[in-house]
Amino acid sequence: MKETFRHSMTWLHTWTGLGVGWVLFFMFLTGTAGYFQSQITRWMRPELPLAAERRLMAPEEGYPLTQAFLQKQAAGADTWGMDLPSPGVGREHLSVWWQMPEGAQDRYGNAVLDPTTGERREGETARSTGGGGFLYRMHYHLHYLPEVWAYWIVGFCGMVLLLALLTGVITHRRLFQDFFLFRPAQGGRSWRDAHAVLGVVALPFFLMITYSGLVFFLFTYMPAGLLAVFGGDEERLEEELHGHDSHTEEHQDAPLSRSGVQLPLPSLLDFVAKAGPVWPESTVTGIRVDFPGDSNSVINLFRHTLPAPDSERMISFRVSTGERVGSEEHEHGEDHGWAHEVEETLFTLHRGRFAGPLLRWLYFGSGLLGCGMIATGLILWTVKRRPKSTGSETSGFGHSLVERLNIGTIAGLPAGIAAYFWANRLLPLDWAHRPEWEAHSLFITWAAMLLYPAFRPVRNAWVEELGFAAALFGLLPFLNVLTTDRHLGVTLPAGDWELAGFDLTMMALGLLFAWTAVRVRPKWEAFPASPDVPEPVRPTKSSMA
Amino acid sequence: MDSPSSRVPLRRTADQRWSLFFRTLAAVVGGYVLTSLMIVAFSLAWPGHRARGVLGVSMLGFLIYAGIVMWAFTVRTARRVWWTLLLASVALGILITLLKLQKAT
Amino acid sequence: MNELIFFFTGGSLAYAGVVCWCLSQKRHQQQVFREALPLRIGWVLRLCGVLLLAGSLGQVLRHQEGIAGAAAWCGLLTFSNLLLISLLPYAPRLVVALGLAGVVGFGTLVCLGIPTGF
């Protein structure tokens, strides 16, 4: 019976993987790009200053400016918000926002401040673009689709991926004995080894990403419990989740209201200093003030970090007394129970915002391994079913379709992303529709790459599309030289590793695709002497092309 | 479709195709229903903090669903899948009704 | 810089650890040494592997606590394995040499007094 079980799981693995493989490839590729979204955005806005010229701001520099600006601009507001530039999370600028009381004329406002003058920065100094954020958002939002459709498609694919991972582990019968096994240049067997290796080597990452991805929309996909116990009222669940402690009057989660008594807001830096003992190694990257200028005012300080039992992401102080808002338990971090901790941990692991540069590369690399796992799986499916050496070149419609979709996606989608970057450099700067058309360039290129293999023999299409992707990536740094002054000749000497790293990565990807194209070519020209050659080639008219 | 092997012949009889279709339908739809019922039952029966219980059990839902789908493809006949899911759902339905009545009192 | 040193040291221990595990298997012993090693050596290698992996986990956790550190360690393990597996069919001796080089590099850093957490 064990053999039958394994066979069933293999069957399930094969067909679930095939069903959604291309969508998953899209999600993984765009999501992986998302780990460097702020770096990508920076590259796509070459008018921004170089790293060395960019002043990373300390709280002492930034917050007096923001406080002064808000005092002038938005006195009497219900809420003030201010953020220091945090390039690691994509905040390039010193920025503020505010919310006036109900009934005010312009209820919401925001501004980007010039760090030298403290005044509102006029006009946008860098080209408008979707940036890296666009690629990131696409991995769960897709594109051209209503949000709700996208969430369901993505959720379905995520669920299928979970199944594929679990069945894959079961199918891989000699997981531990064959852990280090890789036999290259042996046709179908090599593809299977590669697929297994890629899958196993980053398995914890894949399981985490898949499961946490599903949990992001937990009550969309699995609303049964919420419906049964809370009647579908997610707010009520959230309230109960965050504990009764937060709902006594002294605590800032209780509906805070204006007292009407005026109390001038002291310097925010004093409160930033109070955060020192609690967050010894962290910068206060953002502040929110509730009811500035009122005696009930509360100041909330933020930083970006991983939730752990003894760390927090927000500390609050009452302005009138200067004391921490929160009970004794809150001294040790917001304790919302194990379920919430698990959920938050999953989110934080998935997004990886806490990651330093090296860890971020590990995340990026693991994401690329995911793309590789999916790609090798899709290719393995076709290789196993190629018509053997009988001289007949015919393969069924399904097989042909899959072969061509593979080419169009595995080579074509990366080419589309490269085209997105090309569009960023080539589209006119003043054009209002730049961001939309950068996006269109991605999809138009991808569509063309999907259609092209319909007109070519499979083997040629592979080589040509891989070559095209190689060209798009590899030539991008040269396009950069021609169109901007943020190319390698400038960024390397200046030590701007983010921008230089982008160009270098593009070159590396170009080389990778070129190498793959070169490796694929001889296979199509090999003679059928070796029995393990994936596709035997009898020279026919079409292969002579 | 009885014991599918990894090299499935591409041509199947009509019977086999229908069997596969019904099995898949049972797994996807029936499995989801059963998973939801299990979540409801666990949430209602949860002894501790109920919001945490709902959150925690719901998060497990994906794993439960995956398990049910995988199971559905190991059972010998599609018919058996349907019957098992149906019986389990009815049993859970009764349990849930009892739990709700208990809560009401 | 700090992150770099911890990742290098943690990574070199992780890589050495997976090399040990790999070499504890007969198939791969034959790849590297042309013949299988005695069974006892296999067990010793496994033990060394476990110790090295534990050491690398400890090293990474020093730099980054909790779940974040565990995630970083998994990442190091992933790429150590990937490096090993992709090189093994082509240059099995190089695989072992790299493992030794990594550990030696770690030792050098310690001796030079560069802060590695040791």
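Residues numbered from 1 in each chain as written. Chains lettered and ligands numbered in written order. Predicted model: local features only at pLDDT ≥ 70, side-chain atom pairs only at ≥ 80, totals over all residues.

Engineer: Got a minute to help me understand the overall build of chain C in this structure?
Structural biologist: Across its full length, chain C carries five helices and zero strands. What you see for chain C is a C-alpha radius of gyration of 15 Å, in line with the 13 Å of a compact globule of 118 residues. Referenced to the eigenvectors of the C-alpha coordinate spread, the extents of chain C come out at roughly 40 × 30 × 25 Å. Here chain C holds 118 residues, and 41% of them are scored as buried. Within chain C, contacts between residues separated by at least 24 positions form 72% of all contacts whose residues are at least 6 apart in sequence. (Helix = DSSP H or I, 4+ residues; strand = E, 2+ residues; numbered from the N terminus. Rg over C-alpha atoms; globule rule 2.2 N^0.38 Å. Buried ≥ 20, exposed ≤ 12 C-beta atoms within 10 Å, placed from the backbone. Contact = placed C-beta atoms within 7 Å.)

Engineer: I would appreciate a short explanation of the overall build of chain A in the present structure.
Structural biologist: Helices and strands together make up the secondary structure of chain A, namely 19 helices and six strands. Burial analysis of chain A (545 residues in total) assigns 39% to the buried set. Sequence separation of 24 or more characterises 68% of the internal contacts of chain A that already satisfy a separation of 6 or more.

Engineer: Whenever I open this one, the sheet that holds strand E2 (residues 94-99) of chain A confuses me. Can you help?
Structural biologist: Across a sheet, strands are paired by hydrogen bonds formed along the backbone, either parallel or antiparallel in direction. All names here are of chain A. With respect to topology, six strands assemble into an open sheet ordered E3-E2-E1-E4-E5-E6, the strand pairing being antiparallel. Both edges of this open sheet fall to strand E3 (108-113) and strand E6 (314-318), since each of them pairs with a single strand only. Here the strands of the sheet are splayed against their neighbours by 15° on average, with no regard to which way each runs. Both strand E1 (residues 79-83) and E2 contribute to a ladder of five bridges, which runs antiparallel. From the neighbouring strand, Asp83 faces E2, where its bridge partner is Ser95. Against the sheet, helix H3 (residues 59-73) makes contact with E1, E2, E3 and strand E4 (286-290), and its axis sits at roughly 35° relative to E2, the strand it touches most. (Pairing = 2+ DSSP bridges. Axes fitted to C-alpha atoms, helices over the stretch in contact; angles between N-to-C directions.)

Engineer: It is not clear to me how the interface of chain A and chain C should be interpreted in this structure. Could you clarify?
Structural biologist: The figure often quoted for interface size is the accessible area lost as the parts come together. Contacts between the two partners involve 21 residues from chain A and, on the opposite side, 22 residues from chain C. When residues of the side of chain A that touches chain C are traced back to their parent elements, those giving at least two are helix H6 (188-201), helix H7 (203-216), helix H13 (338-351) and helix H14 (357-384) of chain A. The dominant element in the side of chain A that touches chain C, judged by the number of residues it contributes, is H14 of chain A, at six residues. A class-by-class count of the residues in the side of chain A that touches chain C yields 16 nonpolar, four polar and one charged. (Nonpolar A, V, L, I, M, F, W, Y, C, P; charged D, E, K, R; others polar.)

Engineer: Can you walk me through the interface of chain B and chain A in this structure?
Structural biologist: Chain B puts 29 residues into the contact, and the matching count from chain A is 36 residues. Of all the secondary-structure elements, those providing two or more residues to the side of chain B that touches chain A are helix H1 (14-45) and helix H2 (50-72) of chain B. Top contributing element to the side of chain B that touches chain A by residue count: H2 of chain B, with 15 residues. Residue classes in the side of chain B that touches chain A are distributed as 17 nonpolar, 10 polar and two charged.

Engineer: Which parts of the structure should I look at to understand the packing of H14 of chain A against helix H4 (residues 66-87) of chain C?
Structural biologist: Two numbers describe how H14 of chain A lies on H4 of chain C: the axes approach to 10 Å, and their chain directions differ by 55°. On the basis of the axis angle, H14 of chain A is oblique to H4 of chain C. Handedness of the H14 of chain A/H4 of chain C crossing: left-handed. Between H14 of chain A and H4 of chain C, the residues in contact are Leu359, Leu362, Gly365 and Ser366 of chain A and Ala72, Gly75, Thr78 and Phe79 of chain C, respectively. Taken together, the residues of the contact of H14 of chain A with H4 of chain C break down into four nonpolar, four polar and no charged. (Parallel < 35°, antiparallel > 145°, perpendicular 65-115°, else oblique. Left-handed = near helix turned anticlockwise from the far one by under 90°.)

Engineer: Any chance you could explain the confidence of the model for chain C here in plain terms?
Structural biologist: When pLDDT drops low, the exact placement of atoms in the prediction is not to be read closely. Residues and elements named next belong to chain C. With 97% of its residues at a pLDDT of 70 or more, chain C has an overall mean of 91. Taken element by element, the predicted model of chain C shows its lowest mean pLDDT in helix H2 (residues 26-33) (90) and its highest in H4 (94). Interface confidence for the predicted complex, given as ipTM, is 0.94, next to a pTM of 0.84. (pLDDT = per-residue confidence, 0-100.)

Engineer: Sorry if this is basic, but what is going on with the packing of helix H1 (residues 2-23) of chain C against H4 of chain C here?
Structural biologist: Axis angle and axis distance: for two packed helices, these are the angle between their axes and the distance between the axes, and together they describe the pair. All names here are of chain C. Taken N-terminus to C-terminus, the directions of H1 and H4 make an angle of 50°; their axes are 9 Å apart at the nearest point. Here H1 lies oblique to H4, going by the angle between them. Regarding H1 and H4, the two cross each other, and that crossing is right-handed. On the side of H1, the interface is formed by Phe7, Gly10, Gly11, Ala14, Tyr15, Val18, Val19 and Cys22, while H4 contributes Trp73, Leu76, Leu77, Ser80, Asn81, Leu83 and Leu84. In the contact of H1 with H4, the residues fall into 11 nonpolar, four polar and no charged.

Engineer: Sorry, what's going on with the pairing of E1 of chain A here?
Structural biologist: Sheet faces and side chains relate simply in a regular strand, where the side chains alternate between the two faces. Residue and element names in this part refer to chain A. A one-sided burial pattern is seen for E1, the buried positions being Trp80 and Met82 and the unburied ones Thr79, Gly81 and Asp83. The pairing of E1 with E4 spans five bridges and is antiparallel. The residue bridging Asp83 from the neighbouring strand is Gly286, located in E4.

Engineer: Any chance you could explain helix H4 (residues 131-141) of chain A here in plain terms?
Structural biologist: Since there are 3.6 residues in each turn of an α-helix, residues three or four apart along the chain are aligned in direction. Of the residues making up H4 of chain A, those classed as buried are Gly131, Gly132, Phe134, Leu135, Tyr136, Met138 and Tyr140 of chain A. Phi turns positive one or two residues past the end of H4 of chain A, at Leu142 of chain A, with a value near 50°.

Engineer: Looking at this structure, I do not really get the confidence of the model for chain A. What am I missing?
Structural biologist: Residues and elements named next belong to chain A. In this model, chain A carries a mean pLDDT of 84, and residues with pLDDT of at least 70 account for 85%. When mean pLDDT is taken per element in chain A, H7 scores highest with 97 and helix H12 (residues 328-331) scores lowest with 37. Contacts of residues 244-253 to residues separated by more than four positions or lying in other chains number 15 contacts, the stretch itself having pLDDT below 50.

Engineer: In this structure, what is going on with H7 of chain A? I would like to understand it.
Structural biologist: Here H7 of chain A is 14 residues long and its end C-alpha atoms lie 20 Å apart, about the 20 Å a rise of 1.5 Å per residue gives. Every buried residue of H7 of chain A is accounted for by Phe205, Phe206, Ile209, Thr210, Tyr211, Gly213, Leu214 and Val215 of chain A. On its buried face, H7 of chain A is in contact with helix H5 (147-171), helix H8 (218-221), H13 and H14 of chain A, H2 of chain B together with H4 of chain C. (Expected span 1.5 Å × (residues − 1).)

Engineer: Would you mind showing me how to read unusual backbone geometry here?
Structural biologist: Glycine aside, the phi torsion of most residues is negative, and most peptide linkages are trans. Residue and element names in this part refer to chain A. The backbone of Tyr144 shows a phi angle near 65°, a positive value even though the residue is not glycine. By the secondary structure assignment, Tyr144 is in the loop between H4 and H5. Given 9 C-beta atoms within a 10 Å radius, Tyr144 is considered exposed. For Phe291, which is not glycine, the phi dihedral falls at a positive 55°.

Engineer: Looking at this model, I keep getting lost on the environment of Phe347 of chain A. Mind explaining?
Structural biologist: Residues and elements named next belong to chain A. Summarising the element assignment, Phe347 is placed in helix H13. Here Phe347 falls in the partly exposed class, since 15 other C-beta atoms lie within 10 Å of it. For the pair Phe347 and Gly213, spaced 134 residues apart in the sequence, the C-alpha separation amounts to 7.9 Å. In this structure Phe347 touches Ser212 and Phe216, once residues within four positions along its chain are discounted.

Engineer: Is there a simple way to explain the environment of Gln31 of chain C in this structure?
Structural biologist: Residue and element names in this part refer to chain C. Topologically, Gln31 is positioned in helix H2. Accessibility expressed as a C-beta count within 10 Å gives 17 for Gln31, which makes it partly exposed. For Gln31 and Val95, which are 64 residues apart along the polypeptide, the C-alpha to C-alpha distance reads 11 Å. Leave out the neighbours within four places in its chain, and Gln31 touches Leu88 and Pro92.

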